[in-house]
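Given next are the chains, with one letter for each unit.
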Amino acid sequence: MPFDIISALEAFRNLLNTLGQSIWLPIFLFVIAVIFRAKVGRAFRAAIIIGVGWIGFNLVMGLFFDSMVPAAQAMVEQTGIHFEAVDVGWPVMAAIAYGTLVGVLMIPIGIIVNLILIALNLTKTFDIDIWNFWHWAFVGGTIMTWTNDLAFSILAAVAYEVFCLKVADWTVKPLWNVFPGYKGYSIPQGGGWVSSVPYLAVIKPILDKIPFPKSDPETVKSKLGVLGEPIIIGLVIGAVIAILARFDAIGIAKTAMASAAVMLLLPRMIGILMEGLTAIADSISEYFTAKFAGRRELYIGMDAAIAIGHPTTVAAGLVLIPVTLALAVLLPGVKVLPYADLAATPFFVVAATPFFGGDFIKTVIAGTIIMAIFLYLGSWWSPIFTQTALKIGAITAEQGQIGCIWLQPYIPVAVGAFSMPPGVNYLILIILIIVVLFIDRVKALREFASRLYKF
Amino acid sequence: MTRKKNILVACGTAIATATIAAGKLKELLQKHNIQANVIQCRFTEIDYYVKTLGKVDLIITTAGFPERKDIPILNGVPLISGVGKEELERKIIEILQSD
């Protein structure tokens, strides 16, 4: 072969690592934005903001490693409790996903795949929420760490994108029943929404058979409201960890305060990264919206955040904070200490609320089951997540493990597929994509689903 | 000289959708020459900000359920999706220029 593609890619990756995300990520996204006809001045400013956001993210991660990790390690030593990593939360997962080469490639690839599926009439969802492409970027980026196979990783990420778009199509009815104002929108967000739908599909028919008393989410909301504040969650958890670690009074106060700071500042820093990214994503989606506007009936794909304000979701999210901590301590084999994602618990039930028509008790039960599943999945995948972060230089080896909870269901699927012989592993993912794309053409299945779920 | 208006933009996390909506809102205000503080917050922090700011003139939420009696509250999703954006922008300007 005259041109060795593997070593060329290897050299390219080394170049990226030398530059660091704060340099190559802005350059890369600037080029993408200009290709998609963004104004050069606007794209330049946005690209710089992305670099600044990445640096801010690293600064706060430093605080996390200096304060939270030693405290958590001391707690583990003192109590013999089974945690190996502290959960860094979805914003960090997103930042690391976009810090990988596969991840950032998923922005243009994701748009192209979506457009092809719309053109072939295989989905109605036009996903303008480019920020949340991070979910399939995360699948691709961490599967790359697991497999070291670029084509397979991209295929896995595309498979998850296809699944997200189809689930968005299939779940518009429960969404519109609860939020009539959102007709015309769908939610292809691969996190809170799509990643819990496979579990809800099993849980819902069972829970619907059991009669539950009615309960009012508003009272829960007003009683537990203060628990939902990130700084309060951070302060309390930091203090509890430091107490269990047998720190002295000053140590406890310092850890609690640092923890409150991490909880507030980490999402803010990712918010800066986000500001730059959305400015670029905006010009891309404006470009396509102009091309597609009025062409045919399409759903506009949005972030699950548009459905977070339901009283049941907010109240169930609050209840899930202590529930999650209890599950993590009580369930054997959970190795991740829930931390940063405790500020995002409403997202774990954002799909459950519409699935149960706003029923509070069923939503809490479903949320508890889903959280337990996520805790196990996160425990299993955290070492790979850590390696991915190490590989891109977001953390250093001596800082120890970082943990995640939220895991896209296609990560275990892709890992399972990859364990098959070479060639067969690709085939499994391709068959899966085809099945997901065409399964709703089977009339008998459609009728069965509508009887089962009654949307 | 009129008082500077306070506008809350609330979403699930104050990271994702509110960032976009607040950006679009600032562009709109600039276009109409309206002086206002645009504050991004989490959906659950609305009451807290209403108390600490004293007077909030408008709440724009991208998290669903725009219902409130004391302060005008609008569904901000059109700012992000572009669908129904003109109508929403007209309402925003109307509310802000009402006193």
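Computed from a prediction, not measured in an experiment: that's the story for all the values here.

*Asks:* Even after reading the chapter, I still don't get the overall build of chain A, so can you show me in this structure?
*Replies:* Across its full length, chain A holds 18 helices and 6 strands. Scaling as 2.2 N^0.38, a compact globule of 455 residues should have a C-alpha radius of gyration of about 23 Å, and chain A matches this with 22 Å. Buried residues in chain A amount to 58% of all 455 residues. Surface exposure of chain A reaches about 18100 Å², of which carbon and sulfur atoms provide 70%.

*Asks:* Explanation requested: the overall build of chain B in the structure shown.
*Replies:* Along the backbone of chain B there are 4 helices and 4 strands. Helices and strands appear in chain B in the N-to-C order β-α-β-α-β-β-α-α. Taking 2.2 N^0.38 as the reference for a compact globule, 99 residues should give roughly 13 Å; the C-alpha atoms of chain B span a radius of gyration of 12 Å, in line with that estimate. Oriented by its inertia axes, the alpha-carbon framework of chain B measures out at about 35 × 30 × 25 Å. Taken across its 99 residues, chain B has 56% of its residues classed as buried. Taking contacts inside chain B between residues at least 6 apart in sequence as the whole, the part at least 24 apart equals 55%. For chain B, the exposed surface amounts to about 4900 Å²; the carbon and sulfur share of it is 48%. Of the side-chain charges in chain B, 14 are positive and 11 negative, and the distance between the mean point of each set is 3 Å.

*Asks:* Could you clarify how one ought to interpret the pattern of salt bridges in this entry?
*Replies:* If charged atoms from side chains of opposite charge come close, those side chains can pair. Residue and element names in this part refer to chain A. For the coordinates displayed, the defined rule picks out 6 salt bridges over all chains. When the shortest N-O distance is used, the salt bridge between K166 and D440 registers 3.0 Å. Of this pair, K166 sits in helix α7 (residues 150–170) while D440 sits in the loop between α17 (424–438) and α18 (443–453), and the two are 274 residues apart along the sequence. The exposure class assigned to K166 is buried, which follows from its relative accessible area of 3%. D208 is the salt-bridge partner of K204, the closest N and O atoms lying 2.8 Å from each other. Through salt bridges with shared partners, a single ionic network connects K204, D208 and K362.

*Asks:* Could you clarify how one ought to interpret the pairing of strand β1 (residues 5–11) of chain B in this entry?
*Replies:* In the case of a regular strand, side chains alternate between the two sheet surfaces. Residue and element names in this part refer to chain B. Within β1, 7 of the 7 residues are buried, which leaves it mostly tucked inside the rest of the structure. Residue alternation in β1 divides its side chains into two sets, K5, I7, V9 and C11 and N6, L8 and A10, and both sets are buried. Pairing of β1 with strand β2 (residues 36–42) involves 7 bridges; the strand directions are parallel. Its bridge partner lying in β2, A10 is registered against C41. Where β1 meets strand β3 (residues 58–61), 4 bridges bridge the pair, whose relative direction is parallel. Among the inter-strand pairings, A10 is bridged to a residue of β3, identified as T61.

*Asks:* I keep staring at helix α15 (residues 360–391) of chain A and nothing clicks. Help me out?
*Replies:* Side chains three or four residues apart in an α-helix point the same way, a direct result of the helix having 3.6 residues per turn. Residues and elements named next belong to chain A. At W381, α15 shows its maximal bend, which comes to roughly 45°, and the proline P383 appears one to four places after that position. Between the side-chain oxygen at the start of α15 and the backbone nitrogen of I361 there is a gap of 3.2 Å, and the oxygen is on D359. Of the residues flanking the end of α15, it is G393, one or two places downstream, whose phi is positive at about 80°.

*Asks:* Would you mind going over the interface of chain A and chain B with me for this structure?
*Replies:* For interface size, the figure often reported is the accessible area lost on association. Between chain A and chain B, the residue contacts involve 31 residues of the former and 23 residues of the latter. Between chain A and chain B, roughly 2100 Å² of surface is buried when both sides are summed, and carbon and sulfur atoms account for 68% of that area. Inspection of the chain A/chain B interface yields 0 salt bridges. Across the chain A-chain B interface, the total number found is 3 residue pairs in polar contact (both at pLDDT 80 or more). Elements supplying a minimum of two residues to the side of chain A that touches chain B: α4 (90–98), α12 (249–292) and α13 (311–330) of chain A. The element contributing the most residues to the side of chain A that touches chain B is α12(A), with 7 residues.

*Asks:* Just checking my understanding: could you explain the packing of helix α16 (residues 410–418) of chain A against α17(A) for this structure?
*Replies:* A pair of packed helices is captured by two measures, namely the crossing angle of their axes and the spacing between those axes. Residues and elements named next belong to chain A. Two numbers describe how α16 lies on α17: the axes approach to 7 Å, and their chain directions differ by 140°. It follows from the interaxial angle that α16 and α17 lie oblique. Across the interface between the two elements, Y410, V413, A417 and F418 of α16 pack against N425, I428, L429, L432 and V436 of α17.

*Asks:* Honestly, the nonpolar core in this entry has me stumped. Any pointers?
*Replies:* Burial of nonpolar side chains together is a common tendency in soluble globular proteins. Counting 201 residues, the largest nonpolar core has A:F57, A:M61, A:F64, A:W193 and A:I402 as its most contacted members. Leaving out residues up to four positions away in the same chain, A:I402 has contacts with A:M61, A:F64, A:F65, A:A85, A:V86, A:V88, A:I96, A:S382, A:F385, A:T386, A:A389 and A:I395.

*Asks:* Where do I start with the sheet that holds β1(B) in this structure?
*Replies:* Strand pairing in a sheet relies on backbone hydrogen bonds, with the paired strands running either antiparallel or parallel. Residue and element names in this part refer to chain B. Here we have 4 strands laid out as an open sheet, ordered β2-β1-β3-β4, and parallel in their pairing. The strands lining the two open edges of the sheet, one partner per strand, are β2 and β4 (73–75). Here the average twist between neighbouring strands, direction ignored, is 25°.

*Asks:* Whenever I open this one, the environment of A:I392 confuses me. Can you help?
*Replies:* Residues and elements named next belong to chain A. One can find I392 in the loop between α15 and β6 (402–403). The class for I392 is buried, based on a relative accessible area of 10%. C-alpha of I392 to C-alpha of L101: the two residues are 291 residues apart in sequence and 9.0 Å apart in space.

*Asks:* I keep staring at the packing of aromatic side chains and nothing clicks. Help me out?
*Replies:* Describing an aromatic ring pair means giving the distance of the ring centres and the angle of the ring planes. Residues and elements named next belong to chain A. Enumeration according to the criterion identifies 25 aromatic pairs over all chains in this entry. Here F30 and F44 contribute two aromatic rings whose centre-to-centre distance is 6.3 Å and whose plane-to-plane angle is 85°, an arrangement assigned as edge-to-face. With a gap of 14 residues between them, F30 in helix α2 (residues 21–35) and F44 in helix α3 (residues 40–79) connect regions that are remote in the sequence. When its relative accessible area of 23% is taken as the criterion, F30 is described as partly exposed. On the accessibility criterion, F44 (51% relative accessible area) is exposed. On the basis of an interplanar angle of 80° and a centroid distance of 5.7 Å, the ring pair of F152 and Y426 is categorised as edge-to-face. Here F152 is found in helix α7, whereas its partner Y426 is found in helix α17, with 274 residues between them in sequence. Overall, the relative accessible area of 25% leaves Y426 in the partly exposed class. Three or more aromatic residues joined by ring pairs form one cluster here, namely W90, W134, F138 and F385.

*Asks:* I'm lost on unusual backbone geometry in this one. Help?
*Replies:* Across residues other than glycine, the phi torsion is negative in most instances, and most of the peptide bonds are trans. Phi at A:N121 takes a positive value of approximately 65°, unusual for a residue other than glycine. Assignment of secondary structure puts A:N121 in the loop between α5 (101–119) and β2 (125–127). We note that B:N33 has phi near 60°; this positive angle belongs to a residue other than glycine. You can see B:N33 is positioned in the loop between α1 (17–31) and β2.

Reading guide: rules and limits
- Residues numbered from 1 in each chain as written.
- Chains lettered and ligands numbered in written order.
- Predicted model: local features only at pLDDT ≥ 70, side-chain atom pairs only at ≥ 80, totals over all residues.
- Heavy atoms only, no water.
- Helix = DSSP H or I, 4+ residues; strand = E, 2+ residues; numbered from the N terminus.
- Rg over C-alpha atoms; globule rule 2.2 N^0.38 Å.
- Buried < 20%, exposed > 50% of the residue type's maximum accessible area, 1.4 Å probe, protein only.
- Areas by Shrake-Rupley, 256 points an atom, 1.4 Å probe, with all protein chains shown as cover.
- Contact = heavy atoms within 4.5 Å.
- Lys, Arg positive; Asp, Glu negative; His and termini not counted.
- Charge placed at Lys NZ, Arg CZ, Asp CG, Glu CD.
- Salt bridge = Lys/Arg side-chain N within 4 Å of Asp/Glu carboxyl O.
- Pairing = 2+ DSSP bridges.
- Bend = angle between axes of the 7 residues up to and from the residue.
- Polar contact = N/O pair within 3.5 Å; in protein donor to acceptor, adjacent residues only side chain to side chain.
- Buried area = accessible area lost by both parts, 1.4 Å probe.
- Axes fitted to C-alpha atoms, helices over the stretch in contact; angles between N-to-C directions.
- Parallel < 35°, antiparallel > 145°, perpendicular 65-115°, else oblique.
- Core = buried A, V, L, I, M, F, W, Y, C linked by side-chain atoms within 4.5 Å.
- Phe/Tyr/Trp six-rings, centres within 6.5 Å; stacked < 30°, edge-to-face > 60°.

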